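# Summary of structural features
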Protein chains: 2
Amino acid sequence: MCQLLGMNCNTPTDICFSFEGFRTRGGLTDVHRDGWGIAFFEGPGCRVFLDVEPSAQSAVAELVHNYPIHSKNVIAHIRKATQGRIALENTHPFQRELWGRYWIFSHNGDLKEFAPQLDGSFTPVGDTDSERAFCLILQELRSRFPEGMPRRDPLFAALAELAGRIGRHGEFNFLLSSGDCLIAHCGSKLCYVVRQAPFAVAHLKDQDVSVDFNEVTNPEDRVAVIATLPLTDNEEWINLAPGTLTLFHDGVPVRGESTGG
Amino acid sequence: MCQLLGMNCNTPTDICFSFEGFRTRGGLTDVHRDGWGIAFFEGPGCRVFLDVEPSAQSAVAELVHNYPIHSKNVIAHIRKATQGRIALENTHPFQRELWGRYWIFSHNGDLKEFAPQLDGSFTPVGDTDSERAFCLILQELRSRFPEGMPRRDPLFAALAELAGRIGRHGEFNFLLSSGDCLIAHCGSKLCYVVRQAPFAVAHLKDQDVSVDFNEVTNPEDRVAVIATLPLTDNEEWINLAPGTLTLFHDGVPVRGESTGG
C-alpha cells in the first residue's frame, strides 16, 4: 500500500515542512520505498518530480525539500508496490491533459479485477491499477463534458459517481487536481488538517522537527493538508469518512458527497 | 529564439557534460534566460524537469547537472520567449500521452499566423505556437493511426509531411521522442555529432571544461548529440540541411527525408 499527501491553499505556499515528515516514511520511518513523486501546480503550469529511489534517500527529494516551490495545489505519493513493478512509469503522481488543463492523480489502495474498457483517449503507459483508474476517470469526464471544463457542481457529481463505481473494485483512496481545487476520495483512510490564524507551532510525528507557522504566514493564509495518516502529533487531524468525496478550495473543504465507494 | 539539445544513444547514458555547456547559454554565455527544461526517458517512463529561472542559475538545473540520470533519449530546451509570456505552462519540453506512450516535444523557431483546427484530443495549456504545433502533430498522428503506434516507416512519413506543412508558417526546428528513437526537424538550424569508439577528449565551447570519453564509456557505446549550435570546439559537428527530418536510433541518424519545411 502507499501513502498520499495533498495540499490546497488560498495563497501559494511551500510544502517543505509537511514533505519533510512525509518523505521519511519512504524508507526510514516506514516501508514505502518503491518510489515517490510530487506535483506542484503553478498557475496552469505543473511540475512533476518522480523518482524510483526511496524518498528518504532520493537526491530529487532532497532538492524538493530544500527548494521552496510555492503552489496552491500539491499532490505527493510514496509507493509500496502492490500492482506493477518498481519502475518510473508506475510511479505516482500521473499526469495527463484534458480540456487544456493538466490533471494530476495519485492513488492509495488496491483495485481487484479492474480492467475497464478504454477507448484510446487516455491509455496507461505503465501497468498499475491506479493509472488505469485515472485514464478511465478522464475518459469518462471527456465523454460526459465534450464541450470543455464544466462548472464545479456537475464535475464534482460526475467524479462522485465514478469514484463510487471504481471503488467497488477495492480500496480506492485518491487525490486529484487540475490546479484550482483539490479533490480527495476517501475509500478507507484519509485525514486532513486546516491551518489558519491563530497559527501555532506544529511538530512532526516522524521526526523531531517543529515549525512555528506564525513566523512564516500572513494572518489571512489558509492551508489544508490531506494525508493518509496524520503528519504532526499536536494538531487536530480530522478523519474523512470512508466512501466520501471531498472538494478542497482555498484551504478548506467546501463540498462533500457520499460515493459508497 | 530558443536553443535545443537532444541526445540519442544505444545504451543509457548521462547527459551531464553536454548539459553543462548548454545550460550556461541560459543567462551566462547567451541570452536564453526565459526558462528551461529537460526530459529523460527511462524505459517507457519519463521525467521532465522544468524551471522558469535561467538555466545558468536554476537550482533544478544544478540538480540535473550533478545527478547522472541514464537515458537513451533526452530532449532539453532553453527559452528566449517569442510567443507566450514567461511562465511554467509555456516552458518546453511539452509532454503528452498517445497510444500508451509519453511523447516529448521542444521547438525552436517562430510560427506566424498559425492557428490550427484542434479537435480537443490534445489542447494547449499555455499560449505558445510551439505547444499548438505539438498538439496538432499528435492529433494528426492519432487520427491517421487510430489502431495504435504504427511501424517506423509510416510514422516517419507522416511526421515529414506534418513538419513540412507546419514549417510553411515559419521557423520550425524541433525535437520529438516517444522513448525509442529521437526525431529532429531542421527548419533552419540544427547540427549533430556522433560519439563512438575510438573516443577522444571533448572540450566545451562555452566553458573551459573537458571530458575524456575513453574514461567514461565502453567500446560499443554510441551517442548522438543534436543541438542548435555546436557545444564543443574540437569535434566534427555536422549541419543538418534546412527542410529535413532525421530519425536517430541507437546513437546514429538512420533515416532522413526532405520536408520542404
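Reference entry: report on the structure contained in this document.

Calculation rules
Residues numbered from 1 in each chain as written. Chains lettered and ligands numbered in written order. Predicted model: local features only at pLDDT ≥ 70, side-chain atom pairs only at ≥ 80, totals over all residues. Core = buried A, V, L, I, M, F, W, Y, C linked by C-beta atoms within 7 Å. Buried ≥ 20, exposed ≤ 12 C-beta atoms within 10 Å, placed from the backbone. Contact = placed C-beta atoms within 7 Å. Least-squares fit on C-alpha atoms with pLDDT ≥ 70 in both. Helix = DSSP H or I, 4+ residues; strand = E, 2+ residues; numbered from the N terminus. Nonpolar A, V, L, I, M, F, W, Y, C, P; charged D, E, K, R; others polar. Axes fitted to C-alpha atoms, helices over the stretch in contact; angles between N-to-C directions. Parallel < 35°, antiparallel > 145°, perpendicular 65-115°, else oblique. Left-handed = near helix turned anticlockwise from the far one by under 90°.

Within the largest apolar cluster, 142 residues are counted, with the highest numbers of intra-cluster contacts made by Ala184 and Ile226 of chain A together with Ala184 and Ile226 of chain B. In contact with Ile226 of chain B, other than residues within four places in its own chain, are Gly6, Leu175, Ala184, Leu190, Tyr192 and Phe248 of chain B.

Once turned by 180 degrees and shifted 0.0 Å along the axis, chain A lies on chain B with an RMSD of 0.0 Å. Here the symmetry operator amounts to a two-fold rotation axis. Counting the interface residues of chain A, we find that 96% of their copies in chain B are interface residues as well, pointing to one common contact surface.

It is worth spelling out the interface of chain A and chain B at this point. With 26 residues of chain A at the interface, the matching set in chain B holds 25 residues. Going through the elements one at a time, strand 3 (45–51), helix 2 (59–66), strand 5 (94–98) and strand 6 (101–111) of chain A are the ones with two or more residues in the side of chain A that touches chain B. Per element, the largest residue contribution to the side of chain A that touches chain B is four residues, and it comes from strand 3 of chain A. Class assignment for the residues of the side of chain A that touches chain B results in 14 nonpolar, six polar and six charged.

Let us now look at the environment of Ala59 of chain B. Position of Ala59 of chain B among the secondary structure elements: in helix 2 (residues 59–66). Owing to 13 C-beta atoms within 10 Å, Ala59 of chain B belongs among the partly exposed residues under this scheme. Beyond its immediate sequence surroundings of up to four residues, Ala59 of chain B is in contact with Leu63 and Tyr67 of chain A.

A turn of α-helix holds 3.6 residues, and therefore any two residues three or four places apart point the same way. Residues and elements named next belong to chain B. Of all the nine residues making up helix 1 (residues 16–24), seven are buried; the element is thus mostly covered by neighbouring parts of the structure. Those residues of helix 1 that fall on the buried side of the exposure criterion are Phe17, Ser18, Phe19, Gly21, Phe22, Arg23 and Thr24. Each element contacted by the buried residues of helix 1 is listed here: strand 1 (3–13), helix 2, strand 4 (71–78), strand 11 (210–212) and strand 12 (222–227).

Where helix 2 of chain A contacts helix 2 of chain B, the axes come no closer than 11 Å and their chain directions differ by 165 degrees. Considering their axes alone, helix 2 of chain A and helix 2 of chain B lie roughly antiparallel with respect to each other. Of the two elements, helix 2 of chain A crosses helix 2 of chain B, and the hand of that crossing is right-handed. Contact residues: helix 2 of chain A offers Ala59, Val60 and Leu63 of chain A, while helix 2 of chain B offers Ala59, Val60 and Leu63 of chain B. Grouping the amino acids of the contact of helix 2 of chain A with helix 2 of chain B by side-chain chemistry returns six nonpolar, no polar and no charged.

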